[in-house]
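In case you want the letters, here they are:
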Amino acid sequence: MDIFNLTRDFPKEEKYSLTDQIRRSSRSVCANVAEAYRKRRYPSHFISKLIDSDAENAETQSWLEFAYGYITKNTKEELNQKSLEVGKLLNYMINNPAKFGASKE
């Protein structure tokens, strides 16, 4: 939501590139976690969706680099730090699926 609110102030010419891309990738992180949880019965699918989520999180970090210039250095660093924390949590889930209702096959 932080990214969505932040991108409201991006220039109109970025609407179909940076704005849409960073919104899509940041939202996809959550959506993939939700899908993973629903697929926890199948450990391989659970882990696969979490890996997809981690990839979207990394993409969001890349878009934050492109957004620098439209956002302050502090905002970029704050959002990047949050993204790194999300990545740590995702990797913990990937490496410990049994703690989330799935187990490694």
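To be clear, the structure that these remarks concern was listed above.
Throughout what follows, the structure given in this document is the object of discussion.

Parameters and conventions
Residues numbered from 1 in each chain as written. Predicted model: local features only at pLDDT ≥ 70, side-chain atom pairs only at ≥ 80, totals over all residues. Heavy atoms only, no water. Phe/Tyr/Trp six-rings, centres within 6.5 Å; stacked < 30°, edge-to-face > 60°. Helix = DSSP H or I, 4+ residues; strand = E, 2+ residues; numbered from the N terminus. Buried < 20%, exposed > 50% of the residue type's maximum accessible area, 1.4 Å probe, protein only. Salt bridge = Lys/Arg side-chain N within 4 Å of Asp/Glu carboxyl O. Expected span 1.5 Å × (residues − 1). Contact = heavy atoms within 4.5 Å. Axes fitted to C-alpha atoms, helices over the stretch in contact; angles between N-to-C directions. Parallel < 35°, antiparallel > 145°, perpendicular 65-115°, else oblique. Left-handed = near helix turned anticlockwise from the far one by under 90°. Nonpolar A, V, L, I, M, F, W, Y, C, P; charged D, E, K, R; others polar. Lys, Arg positive; Asp, Glu negative; His and termini not counted. Polar contact = N/O pair within 3.5 Å; in protein donor to acceptor, adjacent residues only side chain to side chain.

Turning our attention to the packing of aromatic side chains. In this structure the tally under the stated criterion is three aromatic pairs. Judged by centre distance (5.5 Å) and plane angle (40°), the ring pair of F10 and Y70 falls under tilted. One end of the pair, F10, is in the loop between helix 1 (2-7) and helix 2 (15-38); the other, Y70, is in the loop between helix 3 (43-67) and helix 4 (73-95), and 60 residues separate them in sequence. Overall, F10 belongs to the buried group, its relative accessible area being 8%. Aromatic pair Y92 and F100: ring centres 6.2 Å apart, planes at 85°, arrangement edge-to-face. Y92 gets classed as partly exposed once you look at its relative accessible area, which sits at 39%.

One pass over the full model with this rule turns up eight salt bridges. The residue R24 makes a salt bridge to E59 at a minimum N-O spacing of 2.4 Å. Of this pair, R24 sits in helix 2 while E59 sits in helix 3, and the two are 35 residues apart along the sequence. The class for R24 is partly exposed, based on a relative accessible area of 36%. With relative accessibility at 23%, the residue E59 sits in the partly exposed group. Of the charged contacts in the structure, one is a salt bridge between K49 and D52, with a shortest N-O distance of 3.7 Å.

Turning our attention to helix 4. Over its 23 residues, helix 4 runs 33 Å from end to end, which matches the ideal 33 Å to within 8%, given 1.5 Å per residue. All of the buried residues along helix 4 are K76, L79, S83, G87, L90, M93 and I94. For helix 4, the elements touching its buried residues are helix 1, helix 2 and helix 3.

To continue, consider the packing of helix 3 against helix 4. Following both chains from N to C, one finds helix 3 and helix 4 inclined at 165°, their axes separated by 10 Å at the closest point. Comparing the axis directions of helix 3 and helix 4 gives the class roughly antiparallel. Crossing angle aside, the handedness with which helix 3 passes helix 4 is left-handed. In this structure, helix 3 contributes F46, I47, L50, I51, S53, D54, N57, Q61, L64 and E65 to the contact, and helix 4 contributes K76, L79, N80, S83, L84, V86, G87, L90, N91, M93 and I94. Classifying every residue of the contact of helix 3 with helix 4 by side-chain character gives eleven nonpolar, seven polar and three charged.

Let's shift gears to the side chain of R23. By the secondary structure assignment, R23 is in helix 2. Despite its burial, R23 pairs with no opposite charge, the nearest such side chain being D20 at 5.1 Å. With sequence-adjacent residues up to four places away left out, R23 is seen in contact with F4, T7 and R8.

For the rest of this paragraph, the subject is the environment of D2. Along the chain, D2 falls in helix 1. Note: C-alpha distance between D2 and L79 (77 residues apart in sequence) is 8.1 Å. Sequence-distant contacts of D2, defined by excluding residues within four places in its chain, comprise L79 and K82. Reaching out from D2, the side chain makes a polar contact with the side chain of K82 at a distance of 2.6 Å.

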